[in-house]
Amino acid sequence: MRHHLISTYILIIVSLNALAQGRPLILSKTYDAFTTDIQENLYCWKNDGIDMYDASGKLRFHFNDPTLGNIERVDASMPTKIVVFYKEDNSIVLLNNKLSPIGSINLYDESIQTPSLVTVFGANRIACYDETSQQIHLIDLDLKQKSTTNCNFSNAIQPQLMVADPSFEYLYLCDSLSGIYVFDRFASFVKVIPVMGIEDMLLQNNTLYFLKQRQIFANNMTAMWSPQPVFGVDHIQSFSKVLSNWYIMRFDGSITKLSIRR
């Protein structure tokens with residue numbers, strides 16, 4: 001019995017260690033950043049190029065346009081209309097699910113002078129945050145219309161992250177020094193959550209997952225603020241989640257895949 005308990009204990013320790021290390025995807029390159037879509041495709045970018053991999057790690061498509069500068073962010077919430085933000089060029093390029101261009105937006109033409117954050121916020125709608133004017137611009141891709149909201153922050157903030165919940169009811173702006181600012185679907189201010197030090201975050205099924213000090217936490221947004229630790233990973237830079245699969249990017253640009261089944 002004692003030998004069986006010791007063996008079981010060792011197996012648990014080994015399993016937890018394997019979970020923490022992750023299972024490397026077979027990717028031939030390292031990247032600056034990445035994201036995923038609901039079909040578990042990976043969109044990995046570095047400088048001015050994007051590579052799209054399927055869930056097995058097979059390279060499927062590539063896109064780059066060096067005339068636009070380096071890629072700041074990719075949002076694949078709509079896999080048939082992928083949003084690529086070029087901060088240096090003040091522009092957005094729209095790609096289909098094979099990474100072929102299907103449209104573009106010059107943000108200067110929309111009177112958005114200093115955009116810092118862009119994310120999908122509705123069916124065929126994009127939210128853009130202007131860091132100088134502290135305004136949120138909602139751009140309707142179908143109607144070719146734009147609405148603008150003044151955030152009216154009580155203090156000067158510089159949000160590093162902007163994400164929307166999958167139902168597109170709420171928009172979250174995160175400044176690591178002051179907290180998370182929540183807005184409704186019309187970009188009207190709702191509340192601030194005074195949690196500092198967040199390095200990355202995403203929303204799924206009314207749960208906010210966020211990265212802080214090499215640890216991923218989860219908080220049910222329909223209940224009181226009480227985040228619970230999920231797991232920790234050394235040298236983690238960012239993360240994404242599809243169903244029970246977690247994708248982890250480390251500071252060396254490598255991406256690993258973890259599967260956590262409860």
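Right, let's walk through the structure included here. (Residues numbered from 1 in each chain as written. Predicted model: local features only at pLDDT ≥ 70, side-chain atom pairs only at ≥ 80, totals over all residues. Heavy atoms only, no water.)

## Description of the overall build of the chain
Line of reasoning, step 1. Scanning the chain for helices and strands turns up one helix and 24 strands.
Line of reasoning, step 2. Out of the 262 residues belonging to the chain, those deemed buried represent 49%.
Line of reasoning, step 3. For the chain, restricting intrachain contacts to residue pairs at least 6 apart in sequence, the fraction spanning at least 24 positions comes to 35%.
Line of reasoning, step 4. Per element, the accessible surface of the chain, about 13800 Å² overall, is 51% carbon and sulfur. (Helix = DSSP H or I, 4+ residues; strand = E, 2+ residues; numbered from the N terminus. Buried < 20%, exposed > 50% of the residue type's maximum accessible area, 1.4 Å probe, protein only. Contact = heavy atoms within 4.5 Å. Areas by Shrake-Rupley, 256 points an atom, 1.4 Å probe, with all protein chains shown as cover.)

## Remarks on the sheet that holds strand β9 (residues 101-106)
Line of reasoning, step 1. Strand order in the open sheet made by the four strands is β6-β7-β8-β9, with antiparallel pairing throughout. The sheet terminates laterally at β6 (73-75) and β9, the two strands that pair on one side only. Direction aside, the axes of adjacent strands within the sheet are offset by 20° on average. (Pairing = 2+ DSSP bridges. Axes fitted to C-alpha atoms, helices over the stretch in contact; angles between N-to-C directions.)

## A closer look at the packing of aromatic side chains
Line of reasoning, step 1. Tallied over the entire structure, the rule returns nine aromatic pairs.
Line of reasoning, step 2. Geometrically, the ring pair formed by Tyr 31 and Tyr 53 is edge-to-face, given 6.2 Å between the ring centres and 80° between the ring planes. Here Tyr 53 lies in strand β4 (residues 49-53) and Tyr 31 lies in the loop between β1 (23-24) and β2 (33-36), a separation of 22 residues in the sequence.
Line of reasoning, step 3. Judged by its relative accessible area of 5%, Tyr 31 is buried.
Line of reasoning, step 4. Assessed through its relative accessible area of 2%, Tyr 53 is described here as buried.
Line of reasoning, step 5. Ring centres of Phe 153 and Tyr 181 lie 4.8 Å apart, and the angle between their planes is 65°; on these two criteria the pair is classed as edge-to-face. One end of the pair, Phe 153, is in the loop between β13 (145-150) and β14 (161-164); the other, Tyr 181, is in strand β16 (residues 179-184), and 28 residues separate them in sequence.
Line of reasoning, step 6. By relative accessible area, Phe 153 is classed as buried at 11%. (Phe/Tyr/Trp six-rings, centres within 6.5 Å; stacked < 30°, edge-to-face > 60°.)

## Observations concerning the pairing of strand β24 (residues 255-259)
Line of reasoning, step 1. For β24, the tally of buried residues reaches four of five residues, placing the bulk of the element in the interior.
Line of reasoning, step 2. Here five bridges tie strand β23 (residues 245-250) to β24, and the two strands are oriented antiparallel to one another. Bridge pairing in β24 places Tyr 247 opposite Lys 257.
Line of reasoning, step 3. Hairpin connection between β23 and β24: a loop of four residues separates the two successive antiparallel strands, and Gly 253 in this loop has a positive phi of roughly 85°.

## A look at the sheet that holds strand β17 (residues 189-193)
Line of reasoning, step 1. If you trace the four strands from one edge of the open sheet to the other, you get β14-β15-β16-β17, paired in antiparallel fashion. Strand pairing shows two members of the sheet lacking a second neighbour, β14 and β17, which therefore form its edges. In this sheet, neighbouring strand axes are inclined to one another by 20° on average, regardless of whether the strands run parallel or antiparallel.
Line of reasoning, step 2. Both strand β15 (residues 170-175) and β16 contribute to a ladder of six bridges, which runs antiparallel. Looking at the pairing, Leu 171 lines up with Phe 183 of β16.

## Notes on unusual backbone geometry
Line of reasoning, step 1. Phi angles above zero are rare outside glycine, and Asn 205 is one such case at about 50°.
Line of reasoning, step 2. For Asn 205, the position within the fold is in the loop between β18 (200-204) and β19 (207-212).
Line of reasoning, step 3. Classification of Asn 205 as exposed rests on a relative accessible area of 70%.
Line of reasoning, step 4. Here Gln 213, not a glycine, exhibits a phi torsion of approximately 50°, which is positive.
Line of reasoning, step 5. Along the polypeptide, Gln 213 turns up in the loop between β19 and β20 (215-220).

## Notes on the pattern of salt bridges
Line of reasoning, step 1. Applying the stated rule across the entire model yields five salt bridges.
Line of reasoning, step 2. Between Lys 257 and Glu 40 there is a salt bridge, and its shortest N-O distance comes to 3.6 Å. Taken together, the residues Lys 257 in strand β24 and Glu 40 in the loop between β2 and β3 (42-46) connect sequence positions 217 residues apart. Each member of the pair Lys 257 and Glu 40 is classed as buried.
Line of reasoning, step 3. For Asp 54, the salt bridge is made with Arg 60, and the minimal N-O distance between the two is 3.8 Å. (Salt bridge = Lys/Arg side-chain N within 4 Å of Asp/Glu carboxyl O.)

## As for the pairing of β17
Line of reasoning, step 1. Relative to β17, β16 is paired through four bridges, and the arrangement is antiparallel. Its bridge partner being in β17, Phe 183 is matched across the sheet by Phe 189.

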